[in-house]
Amino acid sequence: MQVFYCCYMAQVANAAHYYTAAVYEHHVLLNHNSKALSNRTFALEFMAKNLDIYEQQVGAAAERGVEIIVFPEDGIHGFNYSRASIFPFLDYLPPPALLPWNPCVEQKRFQDTEVLQRLSCMAMKSDMFVVANLGTKRPCDPVDPQCPPDERYQFNTDVVFSDTGALIASYFKHNLYFEFSFDTPPEVQYAVFDTPFGRCGLLTCFDILFYEPTVSLIEKHQVNHLLYPTAWMNQLPLLSSIQIQRAFATRFSVNLLAANIHHTTLGMTGSGIFSPSNSSYHYDMDTEHGHLIVAKVPVNPSKEMGPGHDEKVSLKYGDPLETSHFLTSAQVCDKMDKTEHCMEAGENRQETLFHATMMYDNFTFIPLEDNDGKVHVCAGSLCCYLTYRKHNVSNELYSLGVFDGLHTVHGTYSLQICALVKCGGLDMETCGQEVTDANSTITFQLWGRFSTMHIYPMIVTSGVTLHLPDHWGWKDQNCYMNKTGLELGLVTAALYGRYYERDNTLR
């Protein structure tokens, strides 16, 4: 385990309640011969094209008073490289023992640092913190059992430059997503550094779904500003980029500055600046242009918690904390479910249940057959409950789904999910398909009896627009949320649980 604390201007400016931040969703210029071997000269000439755009955006941000800007993952060199073909695109990143270092001022101190130098100069000239992602390399000792055969480490790397151009933090991505050109670092890193506007931490893309290092940054290292370069391919109904970004900031009452790649042909869009109670985001699947987001961000996000984050609250439409009308009746369970609560249920209402694949997982669903009512469904150890009322009734199929188990496609991790989703059509087999638009506006309360405390509340409406719950929180084993007054059709309302403790036990 490695913890990198940088105490640059460690005293947080308590007098200022907000700072101005920016994230840039970059339409990256791609190397269409990324598997071909090249040399350093070609690599630098290619990367300069993307860096030119970065420099323009830093200048535009500076004119708007931005104090920190975040750029996306893979935004400088692109992606789809082999281990050998990416090598000329990698900068040398000196280890912490050789710091401090200002690459813009000390350009000849280390070789193969041209990209770092240029980023450093952007920060220094704009008087702004600059966060960027690039590929880096370091030699390793052959006696190191984790040293690759070519005797070098290649890392997917985030770097931070202070407003003077000094390199003050770096982070090697830990949870790689089919990135065969990069190595998993030998140890988990916790990249933590202090700024005039608070304690910040670094994570990258797929990291957001795992406890290490992401949740540890918050729960063990007191980080409340997360800087998040990503190259995220959207997947509704549960894992579009801004959907998980918004839910993460809500769950932990932190600020999340998320910069994504913009490439609609690859399903990549969705960046934002999220605090517990506010969102400034960009989601555009119609054009191929980059986009700069600028927003005021609270220095102390815990004081800006969303309006309905309560431990105990009397909700507006009924009260999901009083579940006796469900718990004393027979449970709606799958015929193959042998858990105690389902064994007691007998055959009651089993005919209304069906299975469908959502996000590659086998969900158990129950349809919403009426314009208002109560439904519930169980699977494994998780029971989900819903009260609802449709206000703009249209010919659309909605279902309540439950999943309690191990996700094994495109990553392996344990989930507990209660999700109300609009189906792709009127057939039950379409439930779980990707949907971006809906007409039915629904008032609802959703809750579940979860075994994990790490629940992420999500509400997405037509056009992939985001909403915060009116209220959400815990009562005993029930995590709940409610929402009234939606003006757009509901696409997804989910309590997305990550059962981190169970990741290894179910393998």
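Residues numbered from 1 in each chain as written. Predicted model: local features only at pLDDT ≥ 70, side-chain atom pairs only at ≥ 80, totals over all residues. Heavy atoms only, no water.

The protein chain is annotated in an unreviewed UniProt entry as Biotinidase from Eleutherodactylus coqui. Under the Catalytic activity (unreviewed entry) heading, UniProt states for the protein chain: "biocytin + H2O = biotin + L-lysine". (UniProt positions renumbered as here; feature names shortened; annotations may be inferred.)

Spatial strand order, β16-β17-β20-β21-β27-β23-β24: 7 strands in an open sheet with antiparallel pairing. This sheet does not close on itself; its edge strands, each paired only once, are β16 (354-358) and β24 (465-466). For strand β17 (residues 361-367) and strand β20 (residues 398-407), the ladder comprises 4 bridges, and the chain directions are antiparallel. Across the sheet, residue Phe365 finds its bridge partner in β20, namely Gly401. Running at roughly 135° to strand β23 (residues 455-461), helix α4 (residues 241-252) makes contact with β23, β24 and β27 (490-498) of the sheet. (Pairing = 2+ DSSP bridges. Helix = DSSP H or I, 4+ residues; strand = E, 2+ residues; numbered from the N terminus. Contact = heavy atoms within 4.5 Å. Axes fitted to C-alpha atoms, helices over the stretch in contact; angles between N-to-C directions.)

Next up on the list: the side chain of Gln245. Its place among the elements puts Gln245 in helix α4. Look at Gln245 and you get buried, because its relative accessible area is 1%. Apart from the residues lying within four places of it in its own chain, the contact partners of Gln245 are Tyr228, Thr230, Leu256, Ala258, Gly270, Ser271, Gly272 and Phe274. (Buried < 20%, exposed > 50% of the residue type's maximum accessible area, 1.4 Å probe, protein only.)

On to the environment of Val58. Considering the arrangement of structural elements, one finds Val58 in helix α1 (residues 40-63). By relative accessible area, which is 3% here, Val58 ends up buried. In this structure Val58 touches Ile69, Phe71, Met122, Ser126 and Met128, once residues within four positions along its chain are discounted.

Further remarks concern the packing of aromatic side chains. Evaluation of the coordinates by the stated rule reveals 25 aromatic pairs. Taking 5.7 Å as the distance between ring centres and 75° as the angle between the ring planes, the aromatic pair formed by Phe129 and Phe197 counts as edge-to-face. Of the two residues, Phe129 sits in strand β5 (residues 129-139) while Phe197 sits in the loop between β8 (189-195) and β9 (198-202), which places them 68 residues apart along the sequence. Residue class for Phe129 comes out buried when judged on its relative accessible area of 2%. Arranged with centres 5.5 Å apart and planes meeting at 20°, the rings of Tyr385 and Trp447 form a pair that is stacked. Pair noted here: Tyr385 is in strand β19 (residues 382-390) and Trp447 is in strand β22 (residues 442-449), with a separation of 62 residues, a long-range link. By relative accessible area, which is 1% here, Trp447 ends up buried. Chaining the aromatic ring pairs together yields one cluster made of Tyr177, Phe178, Phe206, Phe210 and Tyr413. The lysine or arginine in question, Arg152, covers the ring of Phe87, its NZ or CZ lying 3.9 Å from the ring centre. Here the guanidinium or amino end of Arg498 rests over the ring plane of Phe210, the centre of that ring lying 5.7 Å away. (Phe/Tyr/Trp six-rings, centres within 6.5 Å; stacked < 30°, edge-to-face > 60°. Lys NZ or Arg CZ within 6 Å of the ring centre and 35° of its normal.)

This brings us to the pairing of β27. Most of β27 sits inside the fold, with 9 of its 9 residues counted as buried. Here 7 bridges tie strand β21 (residues 413-422) to β27, and the two strands are oriented antiparallel to one another. Paired with Leu415 across the two strands is Arg498, which belongs to β27. For β23 and β27, the ladder comprises 7 bridges, and the chain directions are antiparallel. Within β27, the position partnered with Val460 by the bridge is Thr492.

We now examine unusual backbone geometry. Here Leu99 and Pro100 are connected by a cis peptide whose omega angle stands at 15°. Topologically, Pro100 is positioned in the loop between β4 (91-92) and α2 (114-126). Positive phi is not limited to glycine here, since Asp127 has a value of about 55°.

The full count for this structure, using the stated rule, is 17 salt bridges. Here Asp503 makes a salt bridge to Arg498, at a shortest N to O gap of 2.9 Å. Through salt bridges that share partners, Arg40, Asp91, Asp112, Glu114 and Lys137 make up one connected network. (Salt bridge = Lys/Arg side-chain N within 4 Å of Asp/Glu carboxyl O.)

A full pass over the atoms with the stated rule returns 5 disulfides. A sulfur-sulfur distance of 2.1 Å marks the disulfide that ties Cys104 to Cys121. Disulfide Cys104 to Cys121: torsion about the S-S bond roughly 100°, handedness right-handed. In this pair, Cys104 is assigned in the loop between β4 and α2 and Cys121 in helix α2, connecting sequence segments 17 residues apart. Just as Cys104 is buried, Cys121 falls in that class too. The side chain of Cys384 participates in a disulfide bridge whose partner is Cys418; the two sulfur atoms lie 2.0 Å from each other. Here the S-S torsion is close to -80°, and the disulfide linking Cys384 with Cys418 is therefore left-handed. With a gap of 34 residues between them, Cys384 in strand β19 and Cys418 in strand β21 connect regions that are remote in the sequence. As far as burial versus exposure is concerned, Cys384 and Cys418 are alike and both buried. (Disulfide = S-S within 2.5 Å.)

Let us now look at the layout of surface pockets. Here the largest pocket is characterised by a volume of approximately 750 Å³. If you go around the largest pocket, you meet 38 residues; those closest to its centre are Tyr177, Phe178, Ala231, Met233 and Met268. For the lining of the largest pocket, the secondary structure elements donating two or more residues are β17 and β21. Considered class by class, the residues forming the lining of the largest pocket number 26 nonpolar, 7 polar and 5 charged. (1 Å grid on protein atoms, 1.4 Å probe; cavity = no way out; pocket = protein on both sides within 12 Å on 5 of 7 lines; lining within 4 Å. Points joined across faces, edges and corners; volume = space filled by probe spheres on them. Nonpolar A, V, L, I, M, F, W, Y, C, P; charged D, E, K, R; others polar.)

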